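Chain by chain, the residues run as shown.
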Amino acid sequence: MKSPTSRISFCLGFLVGLFTLYLFLRLAGFDKNFSVRPISKWVEQYDHHLQQEDEEKDRWKKERSALFNLKHPHHSGEDSRLADELYKKVRILCWVMTSTTNLAKRAHYVKDTWSRHCNIIVFVSSVSDPDFPAVGVNTSEGRDQLYWKTIRAFHYVHKHYGDDADWFLKADDDTYVIVDNLRWVLANHTPDEPIYYGRRFKPYVKQGYMSGGAGYVLSKEALRRFVQGFQTKVCTHTSSVEDLAMGQCLQKVGVLAGDSRDTVQRETFNPFVPEQHLTAQFPNSFWYWSYCYYPISMGPNCCSDLSVSFHYMHDANMYLLEYYVYHLRAFGYKYRYQPPTPRGYTYEQSNSKNAAADDDVADKKNKYDTQEKDQKEGVKSKKESDDSLPPAAKQSEHVSV
């Protein structure tokens, strides 16, 4: 006879095995009624996965832990000549601050949306992930490690990709960047200038410093001076507050804090989500009022029509903003804000000639349409007047005098 202990062990083992089988069947595609999911569904999912892999191969070229963009994305049939020219001449490396836990939660949204407009993209984490890919800079995670991660990230991109780009953008994994607008901000400057741009804050640093959440971009010369500053001990890890410490170091090495506002003094780098800039009523005691270097506008004038960035953009909101920026249009309008085309771009001359030619064609077409309309109305008027006359009158009208 089996002992009670053996029976209990058998029952527990049976229940564990049954529960394990249940979990396996659920994962394998069985529903509550144990009906099997159609095999075509699995084939469809597998094909979709393969399609995504093929699209990534067409989109990126992987070198070390960086992704080089193979083509500037835009809609077929869209006039993107100026954007394409800027893409070639204003080369931007974007590095994104992320973490091991946020690669799947946040960074992949960045990878699928705005980073496709960068010339080079590097995701920086504490630990390397060759599949994503992400470069590990051997730091712990947490806010107190942000400046260490920033220091090592800029040193990494300077060492490995310093000659492959002209400008070097730092952004968080919850920041959305309109990279094409950033190129417009930078187009009238050269990478040899010791300058950097972002949302300019004013306390603690004489010339101000750039908000970390809104992102900031360094010229090639600014990056060189930043790295050299640590080599010569001019700069050290002075604070865990990343953006403030960055601004202090850049001021020490002679890098200027640039004005990134548009031609009508609206901000392009924005530290909050769009709806907060548009509708939020910040109390007078809110830190934002005392930090911003330039006067703050709320409502529709809060942000430039050519805004560069918005912060705290999570998950699917990245796709939403991507749709608004690159897809949604109101029919029948030209953009209300038409800043000057950056100096030295061939499209500027050809565009003015094309515009003049288009105007000539439009004038000729309007003139032809007017003449045709007048001719038709004249024939119609004459026909109507003929129809109103009696037969005798019509006959006498055609007799020569």
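As shown above, the structure is provided for reference.
Fair warning: this is a prediction, and the values are worked out from it, not measured in the lab.

Chemist: Can you lay out the overall build of the protein chain for me, pointing to particular residues and giving the numbers?
Modeler: The helix and strand inventory of the protein chain stands at 13 helices and 14 strands. For the protein chain, the residues scored as buried account for 42% of the 401 residues in total. For the protein chain, contacts bridging at least 24 residues in sequence account for 73% of all contacts bridging at least 6. When the accessible area of the protein chain is evaluated, it comes to approximately 23700 Å², of which 56% is carbon and sulfur surface.

Chemist: I'd like a rundown of the packing of helix α5 (residues 146-161) against helix α8 (residues 242-252), residues and numbers included.
Modeler: Where α5 meets α8, the closest approach of the two axes is 8 Å, and the angle between their N-to-C directions is 50°. Overall, the two elements α5 and α8 adopt an arrangement that is oblique. As for the relative orientation of α5 and α8, their crossing is right-handed in sense. Here L146, Y147, T150 and F154 of α5 lie close against α8, whose contacting residues are E242, A245, M246 and C249. The residue makeup of the contact of α5 with α8, split by class, is 6 nonpolar, 1 polar and 1 charged.

Chemist: Just give me the short version of the environment of L93, but keep the residues and values in it.
Modeler: Take L93: it is sitting in strand β3 (residues 92-97). Between the C-alpha atom of L93 and that of Y161, which follows or precedes it by 68 residues, the distance is 8.3 Å. With residues near it in sequence (within four places) discarded, L93 still touches I120, V122, V157, Y161, A165, W167, F168 and L169.

Chemist: Lay out the packing of aromatic side chains with the relevant residues and their values.
Modeler: For the coordinates displayed, the defined rule picks out 26 aromatic pairs. Judged by centre distance (5.7 Å) and plane angle (70°), the rings of F154 and F226 are edge-to-face. Here F154, found in helix α5, pairs with F226, found in helix α7 (residues 220-231); they are 72 residues apart in sequence, far enough to count as distant. Residue F154 is classed as buried on the basis of its relative accessible area of 0%. Where F201 meets W287, the ring centres are 5.8 Å apart and the plane angle is 80°; that geometry is what we call edge-to-face. Within this pair, whereas F201 is found in strand β9 (residues 200-201), its partner W287 is found in helix α10 (residues 287-291), the two being separated by 86 residues in sequence. Accessibility expressed as a relative area gives 4% for F201, which makes it buried. Taken together, the ring pairs in this structure connect F201, Y204, Y209, F272, F282, F286, W287, Y288 and Y291 into an aromatic cluster. If you follow K89 out to its NZ or CZ, it ends over the ring of Y345, 4.9 Å from the centre.

The rules we used
- Residues numbered from 1 in each chain as written.
- Predicted model: local features only at pLDDT ≥ 70, side-chain atom pairs only at ≥ 80, totals over all residues.
- Heavy atoms only, no water.
- Helix = DSSP H or I, 4+ residues; strand = E, 2+ residues; numbered from the N terminus.
- Buried < 20%, exposed > 50% of the residue type's maximum accessible area, 1.4 Å probe, protein only.
- Contact = heavy atoms within 4.5 Å.
- Areas by Shrake-Rupley, 256 points an atom, 1.4 Å probe, with all protein chains shown as cover.
- Axes fitted to C-alpha atoms, helices over the stretch in contact; angles between N-to-C directions.
- Parallel < 35°, antiparallel > 145°, perpendicular 65-115°, else oblique.
- Left-handed = near helix turned anticlockwise from the far one by under 90°.
- Nonpolar A, V, L, I, M, F, W, Y, C, P; charged D, E, K, R; others polar.
- Phe/Tyr/Trp six-rings, centres within 6.5 Å; stacked < 30°, edge-to-face > 60°.
- Lys NZ or Arg CZ within 6 Å of the ring centre and 35° of its normal.

Honestly, that's just the spatial picture; any functional story needs more than this.
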